[in-house]
Amino acid sequence: MFADYRVPQALQFFGVLKYSDSLLKKLQKGVHLEQGSDSECEIRGCSIHAVELIRKKLCKLVSEDPDLNPESDIHAILIDYYLWNYAKDHCDAVKMYPIHRTFTVFY
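Values in this document were obtained by computation on a predicted structure and should not be read as measured data.

Colleague: Residues and numbers for the overall build of the protein chain, please.
Modeller: When helices and strands are tallied, the protein chain shows five helices and zero strands. What you see in the protein chain, going N to C, is helices and strands ordered as α-α-α-α-α. Expressed along its principal axes, the backbone C-alpha trace of the protein chain runs to roughly 50 × 30 × 25 Å. Residue pairs in contact within the protein chain that sit at least 24 positions apart in sequence constitute 75% of those at least 6 positions apart. Put simply, the protein chain shows about 7,200 Å² of open surface, and 57% of that area lies on carbon and sulfur atoms. Taking the 13 positively charged and 15 negatively charged side chains of the protein chain as two groups, their mean positions are separated by 9 Å.

Colleague: Please set out the environment of Phe14 residue by residue, giving values where relevant.
Modeller: With respect to the helices and strands, the residue Phe14 is situated in the loop between α1 (6–13) and α2 (21–28). With 44 residues separating them along the chain, Phe14 and Leu58 place their C-alpha atoms 15 Å apart. Apart from the residues within four sequence positions on either side, Phe14 is in contact with Leu83 and Tyr86.

Procedures and definitions
- Residues numbered from 1 in each chain as written.
- Predicted model: local features only at pLDDT ≥ 70, side-chain atom pairs only at ≥ 80, totals over all residues.
- Heavy atoms only, no water.
- Helix = DSSP H or I, 4+ residues; strand = E, 2+ residues; numbered from the N terminus.
- Contact = heavy atoms within 4.5 Å.
- Areas by Shrake-Rupley, 256 points an atom, 1.4 Å probe, with all protein chains shown as cover.
- Lys, Arg positive; Asp, Glu negative; His and termini not counted.
- Charge placed at Lys NZ, Arg CZ, Asp CG, Glu CD.

This is the structure we're talking about:
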């Protein structure tokens, strides 16, 4: 999955991620996080971990439901795609959750 700025925003919207008060204040002020800083790495790393936990839960739910195909491939990239598009398509709903700003070529 790609831990860009929209996926963490969507994860906040759905209650999966919660930022500390100090980080939230920085993001609300539009402070740029330095590439590789603890805050930037934690946001990206926690987003990746959260998506993996969601993937594992979905796999478990699919395997327990006789109406679903247990051979279905559930990949993190599909969850990433859904979250990214959800945040983009529902920008008015998610805009109350700040994005992190980082100057980088990686995402």
